[in-house]
Amino acid sequence: MLKLGRTFTTVRDAVADAGRRAFYVERATTDRQRTGDLADVDPSSVPYFAIALLPGAVAAAPPTDDSVGRGVGEVAVVGTGPAGRDWTTPQVAAVLAAADDLVGYGPYLDRVPPNPRQTRYPSDNRVEAERAAHALDLAAAGRRVAVVSAGDPGVFAMAAAVLEVAAQPKYVDVAVRVLPGVTASSAVAAAAGAPLGHDHAVISLSDRLKPWDVVVARLVAAAQADLAIAIYNPRSKARPWQVGAARDVLLEHRAPDTPVVVGRDVGGAGERVTVTTLAELDPEQVDMRTLLIVGSSTTRVVTRGATTVVLTPRRY
Ligand code: SAH
């Protein structure tokens, strides 16, 4: 409530009549800042630069100690989408706001708006099983835990790891929910047009958790089936050569002029979406913030005035 001035006592009394507690902030961020309980403020001292804050239900009711350990805990596995808050579903935003604890890879947790009521447990990207067990242990002790991935949590992210660990008998009573998110292939496809408009495959190029032979076999199968292919994790500093090798495998089954969308940091500050061909795909243009979409035989590049769109028609 802004511009309190002469209305101050009316506002204060209305809050009290409603049985609620509001906060008072005056001259915020200046060296004369004053904060406190609205009920404690002397009305004659209230300047123009003052507001009253009435918290919403979630912030007003932090979990009490006696709710801990009574089985109210749960693990919600969420994904924040490919970039900023516009790409997070309202459902996920609400679960993040209500959570007591956030567990996840540090840079992904940094995407969640700060909330001093919450405890954050940032971790390395690689310790998925430990992270999952930690989240389940917190929930077993009565905490509402959000395990935070980017994109969709079920796509090359934490959902499967959490459910794998949750299958252990000792976690049978811990509630686990998986909430869907906007995955990178949807974001990159939309930025380019509709290259995934027909049947397609989704493949991670990382050979950290699966052998490279398996990656190659899947690329060949998808290429032979004439599926468009969304390629996640195409390249990292530790895996620099796989993207060129994948291109060469695909070129054995796809025309050299097959359209390829190179989508980098879509939705973020470093967004760059370019369209090239399979033969001309340059691994140097690809990094770990990039997703590739390789077209099928029917994928077309269409020029509309100054813009180029890529589409795969729904009929064959
Ligand atoms: N769970 C995530 C994917 C995790 S794997 C999801 O559903 O999107 C990480 C890979 O996702 C990256 O290597 C990259 O290929 C892709 N990616 C994630 N965010 C992206 C973005 N904003 N733009 C382009 N690719 C992205």
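Residues numbered from 1 in each chain as written. Predicted model: local features only at pLDDT ≥ 70, side-chain atom pairs only at ≥ 80, totals over all residues. Heavy atoms only, no water.

Draft legend 1. Molecular detail of the sheet that holds strand S5 (residues 101-105). Here we have five strands laid out as an open sheet, ordered S6-S5-S7-S4-S8, and parallel in their pairing. For this open sheet the edge positions go to strand S6 (119-123) and strand S8 (175-178), each flanked by a neighbour on one side alone. Averaged over all pairs of adjacent strands, the angle between their axes in this sheet comes to 20 degrees, without regard to strand direction. Judged from the five bridges that link them, S5 and S6 form a sheet pairing that is parallel. Residue pairing for S6: tyrosine 105 is matched across the bridge by serine 123. Where helix H3 (residues 90-98) meets the sheet, it contacts strand S4 (74-79), S5, strand S7 (144-149) and S8, and its direction lies at approximately 135 degrees from that of S4. (Pairing = 2+ DSSP bridges. Helix = DSSP H or I, 4+ residues; strand = E, 2+ residues; numbered from the N terminus. Axes fitted to C-alpha atoms, helices over the stretch in contact; angles between N-to-C directions. Contact = heavy atoms within 4.5 Å.)

Draft legend 2. Local environment of the site of the ligand. Asp152, Val155, Thr183, Met288 and Thr290 are the nearest of the 20 residues found near the ligand. Between arginine 289 and the ligand, the recorded distance is 3.4 Å, taken from a backbone N or O atom to a nitrogen atom. When the free accessible area of the ligand is taken as 550 Å², the share hidden by the protein chains comes to 94%. If you list the elements that add at least two residues to the shell around the ligand, you get helix H7 (184-192) and strand S14 (290-294). Of the residues assigned to the shell around the ligand, the class counts are 12 nonpolar, five polar and three charged. (Near = heavy atom within 4 Å. Polar contact = N/O pair within 3.5 Å; in protein donor to acceptor, adjacent residues only side chain to side chain. Areas by Shrake-Rupley, 256 points an atom, 1.4 Å probe, with all protein chains shown as cover. Nonpolar A, V, L, I, M, F, W, Y, C, P; charged D, E, K, R; others polar.)

Draft legend 3. Expanded view of the nonpolar core. Core analysis: the largest hydrophobic core is formed by 21 residues, its most contacted members being Leu205, Leu219, Ile229, Ile231, Leu250, Leu292 and Val294. If you list the elements that add at least two residues to this core, you get strand S10 (200-204), helix H8 (212-224), strand S11 (228-232), helix H9 (242-251), strand S12 (259-264) and S14. Setting aside anything within four residues of it in sequence, one finds leucine 219 in contact with Ile203, Leu205, Ile229, Ile231, Ala246, Val249 and Leu250. Grouped together as the second largest cluster of nonpolar side chains are 18 residues, Leu136, Ala139, Met158 and Ala159 included. (Core = buried A, V, L, I, M, F, W, Y, C linked by side-chain atoms within 4.5 Å. Buried < 20%, exposed > 50% of the residue type's maximum accessible area, 1.4 Å probe, protein only.)

Draft legend 4. The arrangement of the packing of aromatic side chains in detail. Inspection of the entire model under this criterion finds five aromatic pairs. Ring plane angle 90 degrees and centroid distance 6.2 Å describe the contact between phenylalanine 8 and tyrosine 24, whose orientation is recorded as edge-to-face. You can see phenylalanine 8 sitting in helix H1 (residues 8-17) and its partner tyrosine 24 sitting in strand S1 (residues 23-26), a full 16 residues away along the chain. Accessibility assignment for this pair places phenylalanine 8 and tyrosine 24 in one class, buried. Aromatic pair tryptophan 212 and tryptophan 241: ring centres 5.1 Å apart, planes at 75 degrees, arrangement edge-to-face. Linking tryptophan 212 in helix H8 with tryptophan 241 in the loop between S11 and H9, this pair joins segments that are 29 residues apart in sequence. Judged by its relative accessible area of 17%, tryptophan 212 is buried. Under the relative-accessibility criterion, tryptophan 241 is labelled partly exposed at 47%. (Phe/Tyr/Trp six-rings, centres within 6.5 Å; stacked < 30°, edge-to-face > 60°.)

Draft legend 5. Structural view of the sheet that holds strand S13 (residues 272-277). One open sheet holds the five strands; their spatial order is S10-S11-S14-S12-S13, and the pairing between them is mixed. The strands lining the two open edges of the sheet, one partner per strand, are S10 and S13. Within this sheet the neighbouring strands show an average axis-to-axis angle of 20 degrees, counted without direction. With five bridges joining them, S12 and S14 adopt antiparallel strand pairing. For valine 260, the partnering residue across the bridge sits in S14 and is valine 294. Contacting S11, S12, S13 and S14, H7 runs over the sheet at an angle of about 65 degrees to S14.

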